[in-house]
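What follows is each chain in one-letter form.
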Amino acid sequence: MQKTHWRKYLNTDYLGGFDLDDGKGGFKEITATIKKAINEIVKEPATGKNKEVLTIHFEENVKPMILNVSNSKTLQKLSGSKYIENWAGLKIIIGTEKVKAFGEVHDALRIRDRLPESNVSAGKCTDCKKDILGAGAVTAEQVKQGTTKTYGVPLCMDCANERKKNAK
């Protein structure tokens, strides 16, 4: 039987670990695309005081997420950029991790240090006729554009790597 975490009934404007509770005693991961990263003023629930925080908003119907240093460093690594403006368009995986804070164990949100597999095709590879997919932080469309510029035809990453190897 699926159960509901009590915090889901509180009006929270930002994503929390409880939002990923699967109702069966575990937690799911979600994939979301960053729309923008901005600085916002939020009210701290414990004190009621205003606090300035870095948040990310998503293209999908997912609540915004308040970033801590750990998650910000992961975004820098995944995006290859320390500039928040460059994070837009990055598709990420969000999960939970048990962390000890303020004398208690919490289910904290963590941006995974890997990118989701891209399954959106940018067309067919000229050589093998398979779908052209993204690789790492590179989108399928970027693979197609890059291989067309380099080799004169759209290629998947496998065929582009094969051509590169054969050219040496």
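Placed above this text is the structure.
In this text the structure is predicted, and so the values were computed from the model without any measurement.

How each quantity is defined
- Residues numbered from 1 in each chain as written.
- Predicted model: local features only at pLDDT ≥ 70, side-chain atom pairs only at ≥ 80, totals over all residues.
- Heavy atoms only, no water.
- Buried < 20%, exposed > 50% of the residue type's maximum accessible area, 1.4 Å probe, protein only.
- Helix = DSSP H or I, 4+ residues; strand = E, 2+ residues; numbered from the N terminus.
- Arc of directions from axis to C-beta.
- Contact = heavy atoms within 4.5 Å.
- Polar contact = N/O pair within 3.5 Å; in protein donor to acceptor, adjacent residues only side chain to side chain.
- Salt bridge = Lys/Arg side-chain N within 4 Å of Asp/Glu carboxyl O.
- Pairing = 2+ DSSP bridges.
- Axes fitted to C-alpha atoms, helices over the stretch in contact; angles between N-to-C directions.

J.: Is there a simple way to explain helix α1 (residues 69-79) in this structure?
T.: Spacing of three or four residues puts side chains on the same side of an α-helix, whose turn is 3.6 residues. Those residues of α1 that fall on the buried side of the exposure criterion are Asn71, Ser72, Thr74, Leu75 and Leu78. Down the axis of α1, the buried set is contained in an arc of 160°. They therefore lie on one face. α1 presents Val69, Lys73 and Lys77 as exposed residues on the side facing more than 90 degrees away from its buried surface. Those residues of α1 hidden inside the fold are in contact with β1 (30-43), β2 (50-58), β3 (65-66), β4 (91-101) and β5 (104-111). The backbone nitrogen of Ser70 lies 3.3 Å from a side-chain oxygen of the residue at the head of α1, namely Asn68. Immediately beyond the C-terminal end of α1, within one or two residues, lies Gly80, with a positive phi of roughly 75°.

J.: Teacher, can you tell me more about the pattern of salt bridges here?
T.: Two side chains of opposite charge can pair, provided their charged atoms sit close to one another. For the coordinates displayed, the defined rule picks out 8 salt bridges. Its salt-bridge partner being Lys124, residue Asp131 comes within 2.8 Å of it at the nearest N-O pair. For Asp131, a relative accessible area of 36% translates into the label partly exposed. Taken together, the shared-partner salt bridges in this structure form one network comprising Glu29, Arg112 and Arg114.

J.: Which parts of the structure should I look at to understand the sheet that holds β5?
T.: In a beta sheet, neighbouring strands are held together by backbone hydrogen bonds and run either parallel or antiparallel to one another. Strand order in the open sheet formed by 5 strands is β3-β2-β1-β4-β5, and the pairing between neighbours is antiparallel. Only two strands of the sheet have a single neighbouring strand rather than two, namely β3 and β5. Direction of pairing for β1 relative to β4: antiparallel, over a ladder of 4 bridges. Bridging from a neighbouring strand, Thr31 pairs with Ile93 of β4. Sitting on the sheet, α1 touches β1, β2, β3, β4 and β5, and the angle it makes with β5 is about 20°.

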